[in-house]
Amino acid sequence: MAVPEVAQGGTNLRYAFGNVLSFFILILIGVLAFSIRLFSVIKYESVIHEFDPYFNYRVTQFLTKNGIYDFWNWFDDRTWYPLGRVIGGTVYPGLTLTAGTLWWFVNSLNIPLSVETVCVFTAPVFSAFASWATYLLTKEVKGSGAGLTAAVLLAMVPSYISRSVAGSYDNEAVAIFALIFTFYLYIKTLNTGSLFYATLNALAYFYMVCSWGGYTFIINLIPIHVLLCIVTGRYSSRLYIAYAPLVVLGTLLAALVPVVGFNAVMTSEHFASFLVFIIIHVVAFVYYIKGILSPKMYKVAVTLVISVGLAVCCAVMAVLIAMVASSPTKGWSGRSLSLLDPTYASKYIPIIASVSEHQPPTWPSYFMDINVLAFLVPAGIIACFLPLSDASSFVVLYIVTSVYFSGVMVRLMLVFAPAACIMSGISLSEAFSVLTQSIKFQLPGVSGRYRVDSGNASSSTTVSQDDAGKIETTEEPAKELAKEPAKEPAKEPAKEPAKERPSKKNKKKEKEKEKEIVDKPSVRSRIEKRLLVLPFEASIIGVLLLVLLGAFYVVHCVWAAAEAYSAPSIVLTSHSQDGGLHVFDDFREAYAWLSHNTEVDDKVASWWDYGYQTTAMANRTVIVDNNTWNNTHIATVGTAMSSPEKAAWEIFNSLDVKYVLVVFGGLVGYPSDDINKFLWMVRIGGGEFPHIKEPDYLRDGQYRIDSQATPTMLNCLMYKLSYFRFVETDGKGFDRVRRTEIGKKHFKLTHFEEVFTTHHWMVRIYKLKPQKNRIRGKTKKSKSKTSSSSSSKRIGATKRNPWH
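Residues numbered from 1 in each chain as written. Predicted model: local features only at pLDDT ≥ 70, side-chain atom pairs only at ≥ 80, totals over all residues. Heavy atoms only, no water.

Novice: Is there a simple way to think about the environment of Phe689 in this case?
Specialist: Mapped onto the elements, Phe689 comes out in the loop between α31 (674–688) and β8 (698–699). When its relative accessible area of 26% is taken as the criterion, Phe689 is described as partly exposed. Phe689 sits 54 residues away from Ala635 along the chain, and the two C-alpha atoms are 7.8 Å apart. Residue contacts for Phe689: discarding those within four places in its chain leaves Ala635, Thr636 and Thr639. (Helix = DSSP H or I, 4+ residues; strand = E, 2+ residues; numbered from the N terminus. Buried < 20%, exposed > 50% of the residue type's maximum accessible area, 1.4 Å probe, protein only. Contact = heavy atoms within 4.5 Å.)

Novice: How should I be thinking about the environment of Met713 in this particular structure?
Specialist: Note on placement: Met713 falls in helix α32 (residues 711–715). Residue classification places Met713 among the buried positions, given a relative accessible area of 0%. For the pair formed by Met713 and Arg699, sequence separation is 14 residues and the distance between their alpha carbons is 9.7 Å. When residues no more than four places from it in sequence are discounted, the contact partners of Met713 are Phe678, Tyr697, Tyr703, Arg704, Ile705 and Tyr719.

Novice: Help me understand a nonpolar patch on the surface, please; the structure alone is not making it clear to me.
Specialist: On the surface, a nonpolar cluster with roughly 460 Å² of combined accessible area is contributed by Val20, Phe23, Phe24, Ile27 and Val31. Structurally, the position occupied by Phe23 is in helix α1 (residues 2–35). (Patch = residues over 30% accessible without salt bridge, like charges linked within 9 Å, V, L, I, M, F, W, Y side chains within 5 Å. Areas by Shrake-Rupley, 256 points an atom, 1.4 Å probe, with all protein chains shown as cover. Salt bridge = Lys/Arg side-chain N within 4 Å of Asp/Glu carboxyl O.)

Novice: I'm lost on the nonpolar core in this one. Help?
Specialist: One recurring pattern in soluble globular proteins is that nonpolar side chains are buried together. Phe183, Phe652, Val660 and Phe752 are the most contacted members of the largest nonpolar core, which has 177 residues in total. Not counting the four nearest positions on each side in its chain, Phe652 is found in contact with Ala605, Ala640, Met641, Val657, Val660, Leu717, Phe752 and Leu768. (Core = buried A, V, L, I, M, F, W, Y, C linked by side-chain atoms within 4.5 Å.)

Novice: Would you explain the pattern of salt bridges in this entry?
Specialist: When the charged atoms of two side chains lie near each other, side chains of opposite charge can form a pair. The tally for this structure, following the rule as stated, stands at 21 salt bridges. Arg58 is the salt-bridge partner of Asp76, the closest N and O atoms lying 2.8 Å from each other. Taken as a pair, Asp76 in strand β1 (residues 75–76) and Arg58 in helix α3 (residues 52–66) lie far apart in primary sequence, 18 residues in all. Sharing partners across several salt bridges, the network here consists of Arg163, Asp170, Glu172 and Arg411.

Novice: When you look at the pairing of strand β7 (residues 659–663) in this model, what are you seeing that I'm missing?
Specialist: Each regular strand displays side chains that alternate between the two surfaces of the sheet. With five of five residues buried, β7 lies mostly within the body of the structure. Going residue by residue along β7, you find Tyr659, Leu661 and Val663 tucked away on one face and Val660 and Val662 tucked away on the opposite face as well. Strand direction decides the pairing type here: strand β5 (residues 603–605) and β7, joined by two bridges, are parallel. Paired with Val604 across the bridge in β7 is Tyr659. In terms of strand pairing, β7 meets strand β13 (residues 763–768) through five bridges, oriented antiparallel. The residue bridging Val662 from the neighbouring strand is Arg764, located in β13. (Pairing = 2+ DSSP bridges.)

Novice: Would you mind going over unusual backbone geometry with me for this structure?
Specialist: Generally, phi is negative for residues other than glycine and the peptide bonds are trans, each holding for most cases. Put simply, Tyr81 and Pro82 share a cis peptide bond, and its omega is 5°. Within the secondary structure layout, Pro82 lies in the loop between β1 and β2 (85–86). Here the bond from Leu386 into Pro387 is cis, since omega is -10°, no more than 30 degrees from zero. At Asn371, a residue that is not glycine, the phi angle is positive and equals roughly 55°. Along the chain, Asn371 falls in the loop between α19 (363–370) and α20 (373–384). Even without a glycine there, the phi angle at Asn619 is positive, about 60°. Here Asn619 falls in the partly exposed class, since its relative accessible area comes to 37%.

Novice: Is there a simple way to explain the packing of aromatic side chains in this structure?
Specialist: For any pair of aromatic rings, geometry is given as the distance between the ring centres together with the angle between the planes. Summed over the entire model, instances satisfying the criterion amount to 38 aromatic pairs. When the ring of Phe664 is compared with that of Tyr723, the centres are 5.2 Å apart and the planes differ by 80°; the resulting orientation is edge-to-face. Here Phe664 is found in the loop between β7 and α31, whereas its partner Tyr723 is found in helix α33 (residues 717–723), with 59 residues between them in sequence. Tyr723 sits in the buried class, given a relative accessible area of 0%. Three or more aromatic residues joined by ring pairs make a cluster, and in this case those are Phe183, Tyr186, Phe217, Phe394, Tyr398, Tyr404 and Phe405. Directly above the ring of Tyr160 sits Arg37, whose terminal nitrogen or CZ lies 4.9 Å from the centroid. (Phe/Tyr/Trp six-rings, centres within 6.5 Å; stacked < 30°, edge-to-face > 60°. Lys NZ or Arg CZ within 6 Å of the ring centre and 35° of its normal.)

Novice: Could you clarify how one ought to interpret the packing of α3 against helix α5 (residues 94–108) in this entry?
Specialist: Between α3 and α5, the shortest axis-to-axis distance is 9 Å and the interhelical angle comes to 50°. Between α3 and α5, the crossing angle belongs to the class labelled oblique. α5 is crossed by α3, and the crossing has right-handed handedness. Residue-level inspection shows Asn56, Val59, Thr60, Leu63 and Thr64 of α3 in contact with α5, the latter providing Leu95, Thr96, Leu97, Ala99, Gly100 and Trp103. Its residues assigned to classes, the contact of α3 with α5 comprises six nonpolar, five polar and no charged. (Axes fitted to C-alpha atoms, helices over the stretch in contact; angles between N-to-C directions. Parallel < 35°, antiparallel > 145°, perpendicular 65-115°, else oblique. Left-handed = near helix turned anticlockwise from the far one by under 90°. Nonpolar A, V, L, I, M, F, W, Y, C, P; charged D, E, K, R; others polar.)

Novice: Even after reading the chapter, I still don't get the side chain of Asn171, so can you show me in this structure?
Specialist: As for its position among the elements, Asn171 is in the loop between α8 (158–161) and α9 (172–192). Its relative accessible area of 16% is what places Asn171 among the buried residues.

Novice: So what exactly am I meant to see when it comes to the sheet that holds β13 here?
Specialist: Paired through backbone hydrogen bonds, the strands of a sheet run either parallel or antiparallel to each other. Strands sit in the order β6-β5-β7-β13-β12 across an open sheet of five strands; the sheet is mixed. On the outer flanks of this sheet lie β6 (621–622) and β12 (752–757), each paired with one strand and no other. The sheet contact formed by β12 and β13 spans five bridges and is antiparallel. Residue pairing in the sheet places Phe756 in a bridge with Ile765 of β13. Where helix α30 (residues 645–654) meets the sheet, it contacts β5, β7, β12 and β13, and its direction lies at approximately 75° from that of β12.

Interpretation in functional terms is not warranted from these geometric data alone.
Shown next as structure tokens:
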């Protein structure tokens, strides 16, 4: 009995050492995930990136300054003038509450960090959490080795880095962690059947609902998996415990989020979960009555239960159809319909189609964002089928659905990235396992350690290295290995004296039988291991190729983090031919001018892309911003930009606008300017105001700004505000973005005046000229006709004039 105890002690020690090593590796992975996202701070400065993060930063400032109760009831009168916006009921508060809690925690420890600093580093911190959550999820599917591999892949994957660099303070910063962690708790509950993990799963889902509108992916993917398990005959009580509490408790918690509210039970995105909820109860009841009734009664009961269940399902479906029939979108949101029908947004909702991240990705973008993982994913899918479990079937379903959604919308590459890392981690782990075992098995003096010992030193279950070499050279190794134990019969026990009691003989016979039973599976496992052995040279080459593949992935990820995804959009840089670095800080220059040279109550009009930044950095009221909740209001601004100068002035004046901001990149070659976005202004404006027609701005179906441009294009406000005085820069008016000379070079503005243009002409600000005094103009006209007027009449006219 001493040998098994020693072996068990060695196994426990090895297991403990593996856990400690895994813990330190996970810490290093977290440090890696955090550090690789700091290039933006190191190369540039600690600043908020993009457009949406500025609104989140402004809301977080308000939360930390005024408290959570004022935050829920905050009516922001500096956006969407004159409509305003109720902030507490129109935002997903997860990111704001998380950063606010982090700020409160570090300041309670007397660490004086500003709100902006906490916002800048929130995404890198949660990227480490997401890596750890990926480890936990993959470990539940295929073990700790695959989990560590998937975690390190996610820590560096460029697709996730693009939305989680330091300064990228957007909802996805915490939502991806919430997504992966919710999936982990679902799989954990599915494997254990624990109601404790089921409750935690509902709470994680609640955090995901608070963080991002992509929570609908969870509440549709999990029901699909549950339905798949039921259809394939894999129903169990663990499946019921994993799903039912999530639907009940998760839906109740989701309804508490103001931006979701009753949409948690009233919109079509959630109906699949309720339908599967009914189905799983019908199946559970069928399994229950099967255990308590006789076969004859069971058939009658099943017929009754299925009939009632179908009636209930039909009734629920009828109610749901009646609820959504009155909606033109059948209860689906515009973004959801864009996923189900990729052409829907371009046909009916141009405001969604105009966003670059809502466009379908190209094939190079897959290689850019996930690199070599695209080639490892198929191998991971195959490994999940060997063997297929509830957990592995879920990750297969996850990768299949995420591939489809990422192909529809480039933004959802972010949802696809964790699934690709999980599958790649599984495939790499399985490949390393096979290759390293093949190498160790064929090393001199190593194969002896693989001997299977049932407690006694029996030669019947051992295979020598010489025999192994012989077996490998035979044509049928499996048959030879199967025959091998038969060639070496077990040693017969020594005969007992006749005086010994027969009970001892029976005991020894039982021991021999147990020994044979133990030997059989050990030999079978031995055979399976031997069948997986690859040639020694091929194994060495395979390991080297996998290491080389990993090195290439690391180099690409570091380059993407340092160069492609670290530059903040508000501060632009470029390299000249002589290697010099040029910094374009025009955006902050323009916002600073607005903040210092305009009145606090002045209204600024621009395209909706710049609304959040204008409100947060210039502290001025804007007409539209990046929330895009009112299509008519955005269409009004688009119509003004597409109209002639006088008509545009009347529209802006009716909205009490005093300044108009235009982004122009023709001088420095900045492609993301308003002229390139102008066609979307025409489409969105024309969707609400029929007099704006897109063909009027196109010449032979092409969008032109040169001498071949249409008169409507050359006379619209956007063209004039962008190219006013542009010919003075080089004498020709050559646009470096469109690579052509402008068609209309010399013109004057009659209703707008230029008040500020940044150093590189990237941002231009114009002021509306005051309305002309009509009464005074009529007085002058009548005076010219009559050539005489009394002074009392002139004084009276002056007093009656409200614009004097």
